[in-house]
Amino acid sequence: GRRTVALNLGIAQPTGTSGLASVAGRGPSFGLEFLHYSSDWLAWGAALDIHQLGKGSDPGPPSLTGKASFKAFSLLARVNFIRRESWTPYALGGLGYGTAEVSTTAAAAAGSVVCNEAGKPCAATAGVTQAMTGPVVTAAFGLESFIATGLSVCLEGRFQEYRLPGSSASFSGSAAGRVGP
């Protein structure tokens, strides 16, 4: 079977259901994907994804600002829906393991204080950074166009959910770019 290496570039957007959208905004998304095609229709492989969510804010009270970084390693399966054409729609899914680092800063209203950890003094601002690990679920649909032998471009909508202890963080993004034989 044939093998492909893909460089995925896109924008990650936190979803509202995770609560992350209230303190982190969209940011760049990078991925490296290796796939082995056992037929024209089916492929399996692995991916390494990195998502840097930008600063966001919640007016509060207390007002919150934050940012987040996610990294994941996943095992993937892909199904192409059309073969022997210059393009194909496809579906991709996978399971993996990921890490997240989320930083938030709370600022109290004038004349107030914020208390965020037991045993620490309250202040006008307080910051917390949490690092978490847990399973990652990936689902994607895309359209791949074959430009030349060994070169194609994809437009893909991808959803990843990080199942983290005590909560979950999910976001959607898009990716494009694929190089392979």
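These figures come from a predicted structure and were not determined experimentally. (Residues numbered from 1 in each chain as written. Predicted model: local features only at pLDDT ≥ 70, side-chain atom pairs only at ≥ 80, totals over all residues. Heavy atoms only, no water.)

Tallying secondary structure elements over the protein gives zero helices and 10 strands in all. Going residue by residue from the N terminus, the α and β elements of the protein occur as β-β-β-β-β-β-β-β-β-β. Residues classed as buried in the protein amount to 38% of the 181 residues present. In the protein, the share of contacts with a sequence separation of at least 24, taken over all contacts with a separation of at least 6, comes to 61%. Of the accessible surface of the protein, which amounts to about 9,600 Å², a share of 65% is contributed by carbon and sulfur atoms. (Helix = DSSP H or I, 4+ residues; strand = E, 2+ residues; numbered from the N terminus. Buried < 20%, exposed > 50% of the residue type's maximum accessible area, 1.4 Å probe, protein only. Contact = heavy atoms within 4.5 Å. Areas by Shrake-Rupley, 256 points an atom, 1.4 Å probe, with all protein chains shown as cover.)

What follows is about the packing of aromatic side chains. If you walk through the whole model with that rule in mind, you get one aromatic pair. Look at Phe-70 and Tyr-162: their rings are 4.8 Å apart centre to centre, the planes differ by 50 degrees, and that puts the pair in the tilted class. Note that Phe-70 is positioned in strand β5 (residues 63-80) and Tyr-162 in strand β8 (residues 151-164), a separation of 92 residues in sequence. Using a relative accessible area of 0% as the deciding quantity, one classes Phe-70 as buried. The residue whose ring lies beneath Arg-2 is Tyr-37, and the NZ or CZ to ring-centre distance is 4.0 Å. Taking the ring centre of Tyr-90 as reference, the NZ or CZ of Arg-78 above it sits at 3.8 Å. (Phe/Tyr/Trp six-rings, centres within 6.5 Å; stacked < 30°, edge-to-face > 60°. Lys NZ or Arg CZ within 6 Å of the ring centre and 35° of its normal.)

Attention now goes to the confidence of the model for the protein. Per-residue confidence for the protein gives a mean pLDDT of 80, with 73% of residues at or over 70. By mean pLDDT, strand β10 (residues 178-179) is the weakest element of the protein at 36, and strand β3 (residues 27-37) is the strongest at 95. Contacts from residues 168-181, a stretch scored under 50 in pLDDT, to residues over four places away or in other chains number 83 contacts. (pLDDT = per-residue confidence, 0-100.)

On the secondary structure map, Arg-2 appears in the segment before β1 (3-14). Taking the C-alpha atoms as reference points, Arg-2 and Ala-43, separated by 41 residues in sequence, lie 9.1 Å from one another.

What follows deals with unusual backbone geometry. Positive phi values are uncommon outside glycine, yet Arg-84 reaches one of about 60 degrees. Topologically, Arg-84 is positioned in the loop between β5 and β6 (87-107). Assessed through its relative accessible area of 66%, Arg-84 is described here as exposed.

Turning our eyes to something else, we now look at the nonpolar core. By size, the foremost hydrophobic cluster in this structure holds 14 residues, and its most contacted members are Leu-20, Leu-53, Ala-68, Phe-70, Val-102, Tyr-162 and Leu-164. Every element with two or more residues in this core is listed here: β5, β6, β7 (125-148) and β8. A per-element tally of this core places β5 first, with three residues. The contacts of Leu-53, once residues within four sequence positions are left out, are Ala-12, Pro-14, Leu-20, Ala-24, Gly-25, Arg-26, Gly-27, Lys-67, Ala-68 and Phe-70. (Core = buried A, V, L, I, M, F, W, Y, C linked by side-chain atoms within 4.5 Å.)

Turning to the environment of Leu-164, a few remarks are in order. Positionally, Leu-164 belongs in strand β8. Note on Leu-164: relative accessible area 6%, which makes it buried.

Once that is clear, we can look at the environment of Phe-34. Summarising the element assignment, Phe-34 is placed in strand β3. Counting along the chain gives 31 residues from Phe-34 to Arg-3, while the straight-line C-alpha distance between them is 7.3 Å. Every residue in contact with Phe-34, bar those within four places of it in the chain, is listed here: Thr-4, Val-5, Trp-44, Gly-45 and Ala-46.

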